[in-house]
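Reading the structure
Here are the chains, one letter per residue:
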Amino acid sequence: MAGIFVFSEDPALTRQLLTPGLELKRALAQPLVALTRSSAEAGALAGLGADRVVLLRGAGAPEALAPAVAALASAASVVLVGGTLRGKHLAAHVAATLGAGLSTDARTLRVAEGRLETTRILYGGLAVGEESLALPAVATVPPRTFPAPAPAGAAVPVETLDVAPDARVEVLSTQPAAGEGVDIGAATRLVAVGRGFNARADLDLAVDLAGALQAELACTRGIAEDEHWLPVERYIGISGQTVKPELYVAAGLSGQVQHMVGCREAKVIVAINKDERAPIFEAADFGIVGDLYTVLPLLTAALKD
Ligand SMILES: Cc1cc2nc3c(=O)[nH]c(=O)nc-3n(C[C@H](O)[C@H](O)[C@H](O)COP(=O)(O)OP(=O)(O)OC[C@H]3O[C@@H](n4cnc5c(N)ncnc54)[C@H](O)[C@@H]3O)c2cc1C
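Residues numbered from 1 in each chain as written. Predicted model: local features only at pLDDT ≥ 70, side-chain atom pairs only at ≥ 80, totals over all residues. Heavy atoms only, no water.

Comments concerning the sheet that holds strand 10 (residues 158-162)
Ordered in space as 5-9-4-1-2-3-10, the seven strands form an open sheet in which the pairing is parallel. What marks the edges here is a single partner per strand, and that holds for strand 5 (101-103) and strand 10. Neighbouring strand axes in the sheet, compared pairwise and without regard to direction, differ in orientation by 20° on average. Of the pairings in the sheet, the one linking strand 4 (residues 78-82) to strand 9 (residues 137-141) comprises five bridges and is parallel in character. Across the sheet, the residue bridging to Gly 82 is Val 141, located in strand 9. Sitting on the sheet, helix 1 (residues 11-28) is in contact with strand 1 (4-7), strand 2 (32-36), strand 4 and strand 9, with an inclination near 165° to strand 4. (Pairing = 2+ DSSP bridges. Helix = DSSP H or I, 4+ residues; strand = E, 2+ residues; numbered from the N terminus. Axes fitted to C-alpha atoms, helices over the stretch in contact; angles between N-to-C directions. Contact = heavy atoms within 4.5 Å.)

Structural notes on the UniProt feature "binding site: FAD" (unreviewed entry) in the protein chain
In the numbering adopted here, UniProt assigns the feature "binding site: FAD" (unreviewed entry) to Arg 195, Thr 220, Arg 221, Gly 252, Leu 253, Ser 254, Gly 255, Gln 256, Val 257, Gln 258, His 259 and Asn 273. Not counting residues up to four positions away in its chain, the partners in contact with Arg 195 are Thr 220, Gly 222, Ile 223, Asp 226, Glu 227 and Gly 252. Among the polar contacts listed, one links the side chain of Arg 195 to the side chain of Glu 227, at a separation of 3.0 Å. Among the structural elements, Leu 253 can be located in the loop between strand 13 (247-251) and helix 7 (257-260). Ignoring anything within four residues of it in the chain, the contact list for Leu 253 reads Ala 192, Val 193, Gly 194, Thr 220, His 259, Asn 273 and Ile 280. (UniProt positions renumbered as here; feature names shortened; annotations may be inferred. Polar contact = N/O pair within 3.5 Å; in protein donor to acceptor, adjacent residues only side chain to side chain.)

A word on the site of the ligand
Taken together, 24 residues lie near the ligand, and Arg 195, Thr 220, Ser 239, Ser 254 and Asn 273 sit nearest. Residue Lys 274 places a main-chain N or O atom 3.2 Å away from a nitrogen atom belonging to the ligand. Here the ligand, which alone exposes 990 Å², has 73% of that area covered by the protein. When its residues are assigned to classes, the shell around the ligand shows six nonpolar, 13 polar and five charged. (Near = heavy atom within 4 Å. Areas by Shrake-Rupley, 256 points an atom, 1.4 Å probe, with all protein chains shown as cover. Nonpolar A, V, L, I, M, F, W, Y, C, P; charged D, E, K, R; others polar.)

Notes on the pattern of salt bridges
This structure, assessed with the given rule, holds 18 salt bridges. The residue Glu 265 makes a salt bridge to Lys 244 at a minimum N-O spacing of 3.6 Å. Separated by 21 residues along the polypeptide, Glu 265 in the loop between helix 7 and strand 14 (268-273) and Lys 244 in the loop between helix 6 (221-226) and strand 13 bring together distant segments of the chain. Overall, Lys 244 belongs to the partly exposed group, its relative accessible area being 34%. Taken together, the shared-partner salt bridges in this structure form one network comprising Arg 107, Lys 244 and Glu 265. (Salt bridge = Lys/Arg side-chain N within 4 Å of Asp/Glu carboxyl O. Buried < 20%, exposed > 50% of the residue type's maximum accessible area, 1.4 Å probe, protein only.)

Details of the sheet that holds strand 6 (residues 108-112)
Strand order in this open sheet of three strands is 6-7-8, and the pairing throughout is antiparallel. Unpaired on one side and paired on the other, strand 6 and strand 8 (127-134) mark the two borders of the sheet. Mean inter-strand twist for the sheet, computed between neighbouring axes without regard to direction, equals 25°. Against the sheet, helix 1 engages strand 6 and strand 7 (115-122), with an angle of about 5° to strand 6.

As for the packing of aromatic side chains
What the rule picks out here adds up to one aromatic pair. Between Phe 197 and Tyr 293 the ring centres are 6.4 Å apart and the planes differ by 55°, which places this aromatic pair in the tilted class. Of this pair, Phe 197 sits in the loop between strand 11 (189-193) and helix 5 (204-213) while Tyr 293 sits in helix 9 (residues 292-304), and the two are 96 residues apart along the sequence. In this structure Tyr 293 comes out as partly exposed when scored by relative accessible area, which is 28%. (Phe/Tyr/Trp six-rings, centres within 6.5 Å; stacked < 30°, edge-to-face > 60°.)

Structural notes on the environment of Ala 27
Its location among the elements puts Ala 27 in helix 1. Distance from Ala 27 to Ala 112, taken between C-alpha atoms, is 8.6 Å for residues 85 residues apart in sequence.

Considerations on the domain arrangement of the protein chain
Partitioning the protein chain into structural domains gives domain 1 (4-162) and domain 2 (184-304). Placing a centre on the C-alpha atoms of domain 1 and another on those of domain 2 gives a separation of 33 Å. Across the contact, eight residues belong to domain 1 and ten residues belong to domain 2. Between domain 1 and domain 2, the buried area comes to about 720 Å², and carbon and sulfur atoms account for 48% of it. Inspection of the region where domain 1 meets domain 2 yields one salt bridge. The salt bridge involving Glu 265 is made with Arg 107; its shortest N-O contact spans 3.7 Å. (Domains from an automatic or database assignment. Buried area = accessible area lost by both parts, 1.4 Å probe.)

Structural notes on helix 5
Because each turn of an α-helix spans 3.6 residues, side chains separated by three or four positions end up pointing in the same direction. For helix 5, every residue scored as buried is listed here: Ala 206, Leu 209, Ala 210 and Leu 213. Looking straight down helix 5, one finds that the buried residues subtend no more than 100° of arc, so they occupy a single side. Elements that come into contact with the buried residues of helix 5 comprise strand 11, strand 12 (216-219), strand 13 and helix 9. Of the residues trailing helix 5, Gln 214 is marked for its positive phi of about 55°. (Arc of directions from axis to C-beta.)

Quick word on the environment of Tyr 248
Tracing the sequence through the fold places Tyr 248 in strand 13. When the C-alpha atoms of Tyr 248 and Leu 213 are compared, they prove to be 11 Å apart, with 35 residues separating the residues in sequence. Polar side-chain contacts of Tyr 248 include one of 2.8 Å to the side chain of His 259.

See below:
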C-alpha cells in the first residue's frame, strides 16, 4: 500500500518518527504506518496518530528485519528509519530494495513538488546541506530530532507479522554491554567536563555540582576515550551522544565544533573556562571566565544554600 512508513528498533525513536510522519501524511494525503518490533510499544504507537501499527515478531538483529520492512513498504512514498547505527544499515537495505534514494541524518523533512526535501548538518556543524529526493524516498532521522506526538484519538488495532530470521546468521549469545547503562540523552540537566580538569579525582568538583543541580555528568571525547576517566556513553559530540537538555553546564572544555554538534540544541548553555577566547563562549548563554577549581565549589555552595 502507498503511505509513509516509520521504523526504529528503539521504541522511543519510533514514537519520535511519528511527528515528521504525521506532517508527511498531511502533505501527501496518504496513510501513516508504524512498524515496531516491541510488543510493549505497539500499543502506545496505536494511539499516536498512525493509521496502522504492525508488530514485527522475529528473533535476530534489527537489520535482519530489512527484507520484511522493504516488503511491507514496497509501494511506500516515504520510509523514515531511526538513525541509529543499526537503523542506518536497515535503511540502506530498504532503499536498495525499493530502488529509492536515501537521505541520512535528516533534521527537517518536507514534501514539495513530489519530492522529499531534507536538511542535514555537515562538517561537524559548520554547514547545513539540503537534499532533494524523488519519491519513493528513504530517510534516517537522528534520535531526539523531534518530540513524540501527543496522543490522538482512538487507538488503531495492532497487526502482527511473523518475520523469518535471517538463515545466514545464528545468534549464539547476547550479553549486556559493559558500562553504567546511563542514558545521557534522557537527562534534562548535564554538567559536562573537559580537559581543563587536571586529574580524575578532581571530577568530584563536577560530581558535587551535578548533585546540587540534580544533573547527570557528561564529558568530551578526550575525557572518555583518552583518559578513560568516564565511560564512553557519557561523551558528547559528533562521534558521541547528541543531547538536548534544558541546561548544559560546560566546565573546562574548549567547545570545539566536534563537541558542540552534540549539545548545540541545549536550551541553556553555561560555560566556565579560564580562557576568555575559548570557542565555548560563542555558544554559551551565560559565561564565567575563571578557574574551574575556584568557580565550581562556589557554584555548588551557592546552589546548596
Ligand atoms: C573526527 C573527530 C571527531 C571528534 N569527535 C568528538 C566528539 O564526538 N566529542 C568531543 O568532545 N570531541 C571530539 N573530537 C575532539 C575535539 O576536536 C576536541 O579536541 C575536544 O572536544 C576537546 O576536548 P576538551 O574541550 O576536553 O579539551 P581542550 O580542547 O584541551 O580544552 C580544555 C579547555 O579547558 C580550559 N581550561 C583549562 N584549565 C582550566 C581551568 N583550571 N579552569 C577553567 N578552564 C580551564 C582551557 O582553556 C580549554 O579551553 C573529535 C575530533 C575529531 C578529529
